[in-house]
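# Structure assessment
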Number of protein chains: 2
Amino acid sequence: MPHFGDVTGPALEQLSADTIRVLSAEGIQEANSGHPGLPMGSADIANVLYTRFLNVDPTDPTWINRDRFVLSAGHGSMLVYSLLHLGGFGLTLGDLKDFRQWDSKTPGHPELGHTAGVDTTTGPLGAGFSNAVGFAVAEEMLAARFNTADHKIVDHYTYVISGDGCMMEGVTSEAASLAGHLGLGKLIVFYDDNEISIEGSTDITFTENVNERFAAYNWHVLDVDGHDTEAIAAAVLEAKKITDKPSLIVCHTKIGKGSPNKEGKASAHGEPLGADELAATRKNLGWPADGGPFIVPQAVSKLWADRQGQWQTAKAQWQELYDAFKTANPEKAAEFERTVAGTLPENFRDALPEFEIGKGVASRASGGVVLNALADAVPELVGGSADLSPSTKTLLTKYESVTTGNFAGRNLHYGVREHAMGNISNGIAIHGGFIPYCATFMVFADYMRPTMRLAALMGARSLFYFTHDSIFVGEDGPTHQPIEHLASFRIIPNMTVMRPCDANEMSEALATALEKADGPTTFALTRQNLTTLDRQALGLAPASEASKGGYILKEASGGSPDLILLASGSEVSVALDAAEALESEGKKVRVVSMMSMEIFDAQDDAYRAKVLPADVRARVSIEASYEPKWLGYVGLDGLMLGMENYGASGPAEELADKYGFNGPAVVARVKAAGLA
Amino acid sequence: MPHFGDVTGPALEQLSADTIRVLSAEGIQEANSGHPGLPMGSADIANVLYTRFLNVDPTDPTWINRDRFVLSAGHGSMLVYSLLHLGGFGLTLGDLKDFRQWDSKTPGHPELGHTAGVDTTTGPLGAGFSNAVGFAVAEEMLAARFNTADHKIVDHYTYVISGDGCMMEGVTSEAASLAGHLGLGKLIVFYDDNEISIEGSTDITFTENVNERFAAYNWHVLDVDGHDTEAIAAAVLEAKKITDKPSLIVCHTKIGKGSPNKEGKASAHGEPLGADELAATRKNLGWPADGGPFIVPQAVSKLWADRQGQWQTAKAQWQELYDAFKTANPEKAAEFERTVAGTLPENFRDALPEFEIGKGVASRASGGVVLNALADAVPELVGGSADLSPSTKTLLTKYESVTTGNFAGRNLHYGVREHAMGNISNGIAIHGGFIPYCATFMVFADYMRPTMRLAALMGARSLFYFTHDSIFVGEDGPTHQPIEHLASFRIIPNMTVMRPCDANEMSEALATALEKADGPTTFALTRQNLTTLDRQALGLAPASEASKGGYILKEASGGSPDLILLASGSEVSVALDAAEALESEGKKVRVVSMMSMEIFDAQDDAYRAKVLPADVRARVSIEASYEPKWLGYVGLDGLMLGMENYGASGPAEELADKYGFNGPAVVARVKAAGLA
């Protein structure tokens, strides 16, 4: 049945694109849910990209040197699934039929790690575009590190399809500006310019000149008919020639192309065509009236089978190149393979610094020391800040910066672009070959929150590094003082949050974070000094215990507490002061340092019950934040000492006094609550 | 002492700008904290703006028709405080000396409502710029409503000073694109282009052509020497002539201008000049060696006293115009005064709709009905969506859209620009005259989180309206299914969050939100249908009880519960089902609908203890989210049923089954926990 004739050349390419259109519309109709407009509108672009340019290996979908493909307009997921079916990535027609169903390989939006051939999770608009900038940066950096004069083992493109929505999102602007600055010549973005958004024509809100805007960002801008295969192909060739600028290929398309009554209309965007319109579309595109759904014309199957053969040939050539590289550079190759596999160097923990006991050092400062020490032992550790490295202390001082045309460095400069920073950093993490960190003030985490969620959802080893973590920022005042931010991080599933109480916990924290290969970690670090605890002299547990997340830092006299004080970060010393005062009055007080709630919660019941015995209900948490999660430790009979409102501008010590975050104030509040 | 000679003309203007420089540097030096670079670099711009153009009334700093001034680069706050001192807004030299101290009128960043003459809270970069777009939109909308052919009672400009950081932020791009689209001719932005960021020259990350970028957004772009008073003034005059485009005046400046050794350097940005450099600066600018700090030359005092006289004259002219308007249009004037005062129409609640009992209606749909019903009664209610109104159901169907050149409508179209939407909406709210709502899918609240915080911090009556509030979004999958979002809203101080369980609670919710004049409200509304409860037949409490936040929806048999089920939104019906099943087995089960935790928590102890009696510890919360705040209600002995990880793509009913959110599943989980 699926024999539509022996077409060749342009007619075959058209038939292949139309196959993508029909399969996509059929999957969406079957699910009775989805977005046919984009897959149908950009089928010609995607078809020419996959059949003529994209260099991948369906039998090895995570091949490090594959070209990356990002559907930034992730709602058009059926486009990807149709391509992956045709390309032989293991999606069957049955999988396409299962679109958007429970446990299928074809979920509503593309999900990294869920479907072979999907390079990143998209859906939130602009995220894919900026992930792609991260891919392009990572490619340049990996190439700069490992390529030799004879062996360009890293040499791939990053292709993106973006829609109008992506172009409107601010994160795209940020990422595009940085990509233009860095001159990322191997980044090629197709802008599916269909002039339709959900509320109607883009004329109602989006009349800027996108071409000129991207030219202002230092992009190479091309403008083509997005249904003209040869024009698209010529544009890609021209884009590849320009090696010092990213390219934007503006493709004028019709949304829902092929649908006789919905083409060019907002109604094609976000709902199934409907059975009648789908039938009309099939007829319009020459599909046989008596053919069932989910069929692929034989000539199209042959076209893609041939393409798979080309991919195998290309991959074999690369493998040959790689083998030669490995023979000539065995150590370099081993390092390449190690970093691409995401395996840490053995004994990297030996590089962890020791800190002088008793000295006051802000955790942002000790963090910088640990980061720099580990940078020597872990070459794949790279990162940067959103124009705050002198304050976040995150510059890797022995290493160069990545600059336009020189990607051998390890310090990235993101500019004041937090949102793009997060997505670019995620892109670097999931590209492979690097463990990226990105830094800013904690209150500005709000700007990059969507990227923290995506990192956690994708299981990306991204390190989110936030300093100035409480009201103790001081004089900058409430706009710069985190209150709800710790809580906001700790509710993101698969995010580990660490707030070390001193320099030695900081060492343990960063090492532990690096060891978490399947998800991101967020650090909360102080602006103000913290005393490096003299654990031996004070009878405190060693900082290595912080690897359990929460631990008994100071045991109550006699070992059986009347009262447990729990704290994190800068408030641990407050808890110790309060405990000392209460113990001097004969109370038995345990102090728990809760470096990471997520890690503590993952310990076994016995350990958690040892730290927080069920029968000790006099429990007080101390953290200069608004964090309801402490309620899960202190319960209805305990007390949560935190911040219930915004802070104020003033010196940090004065704020500590006003808001009750010092030993005497805590003692008074504990007594007032009848807990001591 | 403060007599520096009888200068006039350009020399006096220079002296006035230098006074701003020195006062700013002195305040920062005194605080030993702050950012002198911007105030010194943009002193000439600010001086010419305030002394020649800005139309304000220091004796009536919230005058509705004042020109708005926004220092988007809020870290340069001493610039504002110096201007407000000179302008007679009530800041004394002592207040300037108190910069950044506890309880002073001069906090680290400008705070709305804290310091007279500050029009918005700034600090998070880009926020001020986009607030300003909101001001300009509000001005046009208010003018379109109330101005008559004879009386232009609303007719003001919005001026902004933005730095390089603001220009890099994506939110600025979004807001600028929309401002260009709408042709906001009375928005005039000075770009303090000093080419310095914290990490060094902007060359390291920011080499785009800002002028061309803004031209691409349909802005009128001018380029001047930012230290040439006449050039700046000429640019403002030219900007005012262009009435159909916003204007960007690119001002080339030297950061820290006037400091002999720090001018033009990153070191001038974010720390005090130091005593020696301050002394050198004073000398350089001709300040007397024997004069103390915080002095104002007599000629400068005279200049500003004259300016205050001009302001009084201008204000008197406006008052005359307004009085004539009021005489000619008494009803219109009354309505103008009411909306500007933020007072709701009397009896607006009479417009609340009644919903058909027993019918299934999504809260997004009932929300749309309530919104439309209230729109008739509350003309100041305006708003829009980030290109999702067909899905969020937030279009005011009887009213026009705001379009380029026509601001008489009430529906705003923000495009896919969530972050700008939030800040623009806040700008509309704090401009006065309107109560704005802004809508998108709940998962995209992450994009606009910084704006939710600012609304709460400023006490702005902004309504954040989020639909698709749980995994029951269904097929769109985990990128579109909120998990941690409800929790993320409920931790923002001064944010009220409402999640109604049916259409009648929805009515109560929106009315209650409108009545909260001193802060924002966030709505969490379903995509899926909710049954409008037949409260009488089922013996349930009336929906009006929802005004208490949480209430006993269904009392346990006999009135004394063994078990309390707490739920919000779509899970309330699950709780009712579970309660019915458990009651049929002889358990006594109370169901609490927690429409709003914040409102419930604000009730008195007696009420809260009545709803949640201290001795009933068998408590189970049911909400398809990850929300630690429930722990504060259920305690260590209770059970929190929620989502601990991301959802999945699939039909909503199937997800409910898989994740245990239906009556039988809840019963089983409650029993397994030994609570029934």
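Summarised in this report is the structure supplied together with it. Since the model is a prediction, treat every value here as computed from it, not as a measurement. (Residues numbered from 1 in each chain as written. Chains lettered and ligands numbered in written order. Predicted model: local features only at pLDDT ≥ 70, side-chain atom pairs only at ≥ 80, totals over all residues. Heavy atoms only, no water.)

### A short note on the overall build of chain A
Scanning chain A from terminus to terminus reveals 26 helices and 20 strands. A globule of 676 residues ought to have a C-alpha radius of gyration of about 26 Å, and chain A, at 28 Å, matches this closely. Across its three principal directions, the C-alpha atoms of chain A cover 95 × 60 × 45 Å. Put simply, chain A has 676 residues, and 67% of those count as buried. When the accessible area of chain A is evaluated, it comes to approximately 20,600 Å², of which 49% is carbon and sulfur surface. (Helix = DSSP H or I, 4+ residues; strand = E, 2+ residues; numbered from the N terminus. Rg over C-alpha atoms; globule rule 2.2 N^0.38 Å. Buried < 20%, exposed > 50% of the residue type's maximum accessible area, 1.4 Å probe, protein only. Areas by Shrake-Rupley, 256 points an atom, 1.4 Å probe, with all protein chains shown as cover.)

### Section: helix H4 (residues 77-86) of chain A
Most of H4 of chain A sits out of view: 10 of its 10 residues are buried. Downstream of H4 of chain A by a residue or two, Gly88 of chain A has a phi angle that is positive, lying close to 80°.

### A word on the sheet that holds strand S16 (residues 550-554) of chain A
Residues and elements named next belong to chain A. With respect to topology, five strands assemble into an open sheet ordered S16-S18-S17-S19-S20, the strand pairing being mixed. Because the sheet does not close on itself, it has two edges, and the strands there are S16 and strand S20 (639-641). Neighbour-to-neighbour, the strand axes of the sheet open up by a mean angle of 25°, direction not taken into account. Against the sheet, helix H26 (residues 663-672) engages strand S17 (563-567), strand S19 (619-622) and S20, with an angle of about 155° to S20. (Pairing = 2+ DSSP bridges. Axes fitted to C-alpha atoms, helices over the stretch in contact; angles between N-to-C directions. Contact = heavy atoms within 4.5 Å.)

### Some remarks on the layout of surface pockets
Considering only enclosed or pocket space, the largest pocket measures out at about 1,200 Å³ in volume. In terms of lining, the largest pocket is formed by 41 residues, of which the most central are Asp601, Arg608 and Tyr633 of chain A together with Tyr626 and Glu644 of chain B. Counting residues per element, the ones that place at least two in the lining of the largest pocket are helix H22 (597-601), helix H23 (605-611) and helix H24 (631-634) of chain A together with helix H24 (631-634) and strand S20 (639-641) of chain B. When residues of the lining of the largest pocket are assigned to their parent elements, the largest contribution, five residues, is made by H22 of chain A. In this structure, the second largest pocket occupies an estimated 1,100 Å³ of space. In terms of lining residues, the second largest pocket is bounded by 31 residues, among which Leu631 of chain A together with Asp601, Arg608, Gly632 and Tyr633 of chain B are the most central. Those elements giving two or more residues to the lining of the second largest pocket turn out to be H24 and S20 of chain A together with helix H22 (597-601), helix H23 (605-611) and H24 of chain B. (1 Å grid on protein atoms, 1.4 Å probe; cavity = no way out; pocket = protein on both sides within 12 Å on 5 of 7 lines; lining within 4 Å. Points joined across faces, edges and corners; volume = space filled by probe spheres on them.)

### A closer look at the pattern of salt bridges
All chains considered together, the criterion is met by 68 salt bridges over all chains. When the shortest N-O distance is used, the salt bridge between Arg490 of chain A and Glu627 of chain A registers 3.1 Å. Of this pair, Arg490 of chain A sits in helix H18 (residues 485-490) while Glu627 of chain A sits in the loop between S19 and H24, placing them 137 residues apart in sequence. Salt-bridge contacts for Arg338 of chain B lead to Glu380 of chain B; the nearest nitrogen and oxygen are separated by 2.7 Å. Taken as a pair, Arg338 of chain B in helix H13 (residues 330-341) and Glu380 of chain B in the loop between helix H14 (363-377) and strand S9 (381-385) lie far apart in primary sequence, 42 residues in all. Taken as a pair, Arg338 of chain B and Glu380 of chain B share a single burial class, namely buried. The network of salt bridges with shared partners includes Glu139, Lys152, Asp155 and Lys186 of chain A. (Salt bridge = Lys/Arg side-chain N within 4 Å of Asp/Glu carboxyl O.)

### Let's talk about empty space enclosed by the protein
Tallied over the entire structure, the rule returns 10 cavities of 30 Å³ or more. Here the largest cavity defines a volume of roughly 90 Å³. Looking at the largest cavity, the residues that line it are Pro124, Pro450, Arg453, Leu454 and Leu457 of chain A together with Val443, Phe444, Asp446, Tyr447 and Thr479 of chain B.

### Description of the sheet that holds strand S6 (residues 220-225) of chain A
All names here are of chain A. Ordered by their spatial adjacency, five strands build an open sheet running S1-S2-S3-S7-S6, and the pairing between neighbours is parallel. Looking along the sheet, the strands with just one partner apiece sit at the ends: strand S1 (68-71) and S6. Ignoring which end each strand starts from, the neighbouring axes of this sheet average 15° apart. Two elements, strand S2 (residues 158-162) and strand S3 (residues 187-193), share five bridges in a ladder whose sense is parallel. Opposite Thr158, over in S3, you have Leu187 as the bridge partner.

### Description of the interface of chain B and chain A
Interface extent is often summarised as the accessible area lost during association of the parts. On the side of chain A, 99 residues touch chain B, which itself brings 99 residues to the contact. Here chain B packs against chain A, burying approximately 8,300 Å² in sum over the two surfaces, 58% of which is carbon and sulfur. Viewed at the interface, chain A and chain B are joined by eight salt bridges. Note that Asp637 of chain A is salt-bridged to Arg617 of chain B, the shortest N-O span being 3.0 Å. Viewed at the interface, chain A and chain B are joined by 50 residue pairs in polar contact (both at pLDDT 80 or more). If one sorts the elements of the side of chain B that touches chain A by residue count, helix H8 (residues 170-182) of chain B sits on top with six residues. (Buried area = accessible area lost by both parts, 1.4 Å probe. Polar contact = N/O pair within 3.5 Å; in protein donor to acceptor, adjacent residues only side chain to side chain.)

### Examining the packing of aromatic side chains
Residue and element names in this part refer to chain A. Under the criterion given, the structure shown has 54 aromatic pairs over all chains. Between Phe472 and Phe661, the aromatic rings sit 6.4 Å apart at their centres with planes inclined by 90°, giving edge-to-face as the arrangement. With Phe472 in the loop between strand S12 (463-467) and H18 and Phe661 in the loop between helix H25 (652-658) and H26, the pair connects residues that are 189 residues apart, well separated along the chain. We classify Phe661 as buried; its relative accessible area is 3%. Members of the aromatic cluster, each reached through a chain of ring pairs, are Trp63, Phe146, Trp318, Tyr322, Phe325 and Phe336. One cation-aromatic arrangement involves Lys240 over Tyr157; the distance from NZ or CZ to the ring centre is 4.5 Å. Positioned above the aromatic ring of Tyr399 is the side chain of Arg410, whose terminal nitrogen or guanidinium carbon lies 4.2 Å from the ring centre. (Phe/Tyr/Trp six-rings, centres within 6.5 Å; stacked < 30°, edge-to-face > 60°. Lys NZ or Arg CZ within 6 Å of the ring centre and 35° of its normal.)

### Points about unusual backbone geometry
Although it is not a glycine, Arg100 of chain A sits at a positive phi angle of roughly 65°. Here Arg100 of chain A shows up in the loop between helix H5 (93-97) and helix H6 (127-146). Non-glycine residue His468 of chain B carries a positive phi angle of around 65°.

### So, helix H26 (residues 663-672) of chain B
All names here are of chain B. For H26, the full list of buried residues reads Gly663, Ala665, Val666, Val667 and Val670. Buried-residue contacts for H26 involve strand S17 (563-567), helix H21 (571-584), strand S19 (619-622) and S20. Two to three positions downstream of the cap, the backbone nitrogen of Ala665 sits 3.0 Å from a side-chain oxygen, assigning the N-cap of H26 to Asn662. Among the residues trailing H26, Gly674 stands out with phi positive, at a value near 75°.

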